[in-house]
Amino acid sequence: MENLHSAVETLVHGSNTLFILMGAIMVLAMHAGFAFLEVGTVRLKNQVNALSKIISDFAVSTLAYFFIGYWVAYGVTFMAPAAELTGENGYALVKFFFLLTFAAAIPAIISGGIAERARFVPQLVATALVVAFVYPFFEGMIWNGNYGFQGWLEAQFGAGFHDFAGSVVVHAVGGWLALGAVLMLGQRNGRYRDGRVVAFAPSNIPFLALGSWILIVGWFGFNVMSAQTVEAISGLVAVNSLMAMVGGTIAALVVGRNDPGFLHNGPLAGLVAVCAGSDLMHPVGALATGLVAGALFVFTFTLTQNRWKIDDVLGVWPLHGLCGVWGGIACGIFGQEALGGLGGVSFASQLVGSAAGVAIALVGGLLIYGGLKAVVGIRLDQEQEFNGADLSIHKIGAISDD
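Residues numbered from 1 in each chain as written. Predicted model: local features only at pLDDT ≥ 70, side-chain atom pairs only at ≥ 80, totals over all residues. Heavy atoms only, no water.

The next point concerns the packing of aromatic side chains. Using the criterion set out here, one finds 21 aromatic pairs in the structure. Taken together, a centroid distance of 5.4 Å and an interplanar angle of 65 degrees make the contact between Phe78 and Phe96 edge-to-face. Residue Phe78 is found in the loop between helix H2 (47-74) and helix H3 (82-85), and its partner Phe96 is found in helix H4 (residues 87-113); the two are separated by 18 residues along the sequence. What makes Phe78 buried here is its relative accessible area of 6%. Its guanidinium or amino end placed over the ring of Phe386, Lys45 lies 5.5 Å from that ring's centre, counting from NZ or CZ. (Phe/Tyr/Trp six-rings, centres within 6.5 Å; stacked < 30°, edge-to-face > 60°. Helix = DSSP H or I, 4+ residues; strand = E, 2+ residues; numbered from the N terminus. Buried < 20%, exposed > 50% of the residue type's maximum accessible area, 1.4 Å probe, protein only. Lys NZ or Arg CZ within 6 Å of the ring centre and 35° of its normal.)

What follows is the structure, encoded as structure tokens:
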């Protein structure tokens, strides 16, 4: 019996390690989606820079999160002999890998907002600061119960802030950090003339669509594998993710009037919004969440660019910032038993938790990018921006005519 118990325990630990490792790999693959979504959206002279930023940001994020950020969020370090780290088939290490891919999504989100005019090295410094301090501060508050925030919400409203896969913790935080960065950078040269927006057409719609599809597929690892153990897997999460993705697509297709840029961002808006409550909602609630998110993205992206003249290149603030907040709120609506959900969630806690994420991210973004702007500068000069980030920073273009 003792041998049988040991064998079962080994199988469980091994299965959990493999499960979360596959999730980490799927979310790692999403970074290719971030890269190609940006490559397809920016102008041809900035494609190399988009690719270079995403992979460099991931490398810097890994170091920042391994040595500082993971400790800030969970109080765990890996400065121990390898023999100790292999306990439970190395599950703790793979859990770090999985959560790292979430953390690294923050600078990948920011990258799309600041495209075409941001300096390269200052952005890597900003990435290190965001992933080491700002993101894990809020991550630890929500997912590890740090600073008593969740306990206070539960005492006040009967339930803590529920964010199963990061509508607010990852996406809203990334989007509002990006807004701070975009405001500090300012508009691209020539984007607005005589008070009107000048169209900077996407350079490659097929690449944009490829990026969207890679993100869509990887998102099922992002959401489903947030269970983190085989025992906690729920098919409800998978189907809710599917329904929200479809809802976002349909809404963006209709409201965006067949525009391919809106059409391929619509499913992402739905997936952003469903992350928080994907383990609680009924599939019809998830569909409604996605429909609202798809329409919200199209509407607010247009407002941002045309009326407010905030030059957010990929619309990451509407997509991740606003749709992420909507996801936190939608969890408090469609997660209720009265609307077919599993319950155990407080609408008031969802409002307060979402507002806390917005405040921490926006203040963090303004401080980090404002500080770097004052000390070293964060923007390419006018000639460099005119020539494009590819030639100005990387000394090579995306396409050779030879």
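This part is about helix H7 (residues 167-185). Residues spaced three or four apart along an α-helix point in a common direction, a consequence of the helix completing one turn every 3.6 residues. With 19 residues, H7 should reach 27 Å at 1.5 Å per residue; the first-to-last C-alpha distance of 26 Å fits that figure. Of all the bends in H7, the largest measures some 25 degrees and sits at Val173. Burial runs high along H7: 17 of the 19 residues are buried. A positive phi of about 90 degrees marks Gly186, the residue just after H7. (Expected span 1.5 Å × (residues − 1). Bend = angle between axes of the 7 residues up to and from the residue.)

Further remarks concern the environment of Gln336. Here Gln336 shows up in the loop between helix H12 (316-334) and helix H13 (347-375). With relative accessibility at 27%, the residue Gln336 sits in the partly exposed group. As a C-alpha pair, Gln336 and Met281 span 55 residues in sequence and 7.7 Å in three-dimensional space. Setting aside residues no more than four positions away along its own chain, Gln336 makes contact with Gly341, Gly343, Val345, Ser346 and Phe347. (Contact = heavy atoms within 4.5 Å.)

For the rest of this paragraph, the subject is H2. The largest bend in H2 is about 60 degrees, located at Tyr65. Positive backbone phi, approximately 70 degrees, marks Gly75, located one or two places after H2.

Here we take up the side chain of Gln350. Residue placement: Gln350 occurs in helix H13. At 2.9 Å, the side chain of Gln350 and the backbone oxygen of Gly328 are in polar contact. When sequence neighbours within four positions are dropped, the list of residues in contact with Gln350 reads Gly160, Phe161, His162, Gly328, Ile329, Cys331, Gly332 and Val345. (Polar contact = N/O pair within 3.5 Å; in protein donor to acceptor, adjacent residues only side chain to side chain.)

In this structure the tally under the stated criterion is 2 cavities of 30 Å³ or more. Roughly 90 Å³ of volume is contained in the largest cavity. What lines the largest cavity is Phe34, Leu37, Glu38, Ile54, Ala108, Ile109, Gly112, Asn265, Leu314, Val316, Leu319 and His320. Sorting the residues of the lining of the largest cavity by element identifies helix H1 (2-41), H4 and H12 as the ones contributing at least two each. Here the second largest cavity is characterised by a volume of approximately 50 Å³. If you go around the second largest cavity, the residues you meet are Ile114, Ala118, Arg119, Pro122, Gln123, Leu185, Tyr369, Leu372 and Ile378. Counting only elements with at least two residues in the lining of the second largest cavity, the list comes to helix H5 (120-143) and H13. Among the residues making up the lining of the second largest cavity, the classes are represented as 7 nonpolar, 1 polar and 1 charged. (1 Å grid on protein atoms, 1.4 Å probe; cavity = no way out; pocket = protein on both sides within 12 Å on 5 of 7 lines; lining within 4 Å. Points joined across faces, edges and corners; volume = space filled by probe spheres on them. Nonpolar A, V, L, I, M, F, W, Y, C, P; charged D, E, K, R; others polar.)

Mapped onto the elements, Ser346 comes out in the loop between H12 and H13. What makes Ser346 buried here is its relative accessible area of 9%. Along the backbone, Ser346 and Lys95 are 251 residues apart, and their C-alpha atoms lie at a distance of 28 Å. Ignoring any residue separated from it by four or fewer positions in sequence, one finds Ser346 in contact with Phe157, Ala159 and Gln336. Within polar-contact distance, the side chain of Ser346 engages the backbone nitrogen of Ala348 at 3.3 Å.

What follows is about the pattern of salt bridges. For the structure shown, the criterion picks out 6 salt bridges. Between Lys53 and Glu38 there is a salt bridge; the shortest N-O distance is 2.9 Å. Of the two residues, Lys53 sits in helix H2 while Glu38 sits in helix H1, which places them 15 residues apart along the sequence. One exposure class covers both Lys53 and Glu38, and it is buried. Ionic pairing is found between Arg191 and Asp311, a salt bridge with its closest N-O pair at 3.6 Å. Of the two residues, Arg191 sits in the loop between H7 and strand S1 (192-193) while Asp311 sits in the loop between helix H11 (283-307) and H12, which places them 120 residues apart along the sequence. Overall, Asp311 belongs to the buried group, its relative accessible area being 2%. A single salt-bridge network, built from bridges that share partners, covers Arg43, Glu116, Arg188, Arg191 and Asp311. (Salt bridge = Lys/Arg side-chain N within 4 Å of Asp/Glu carboxyl O.)

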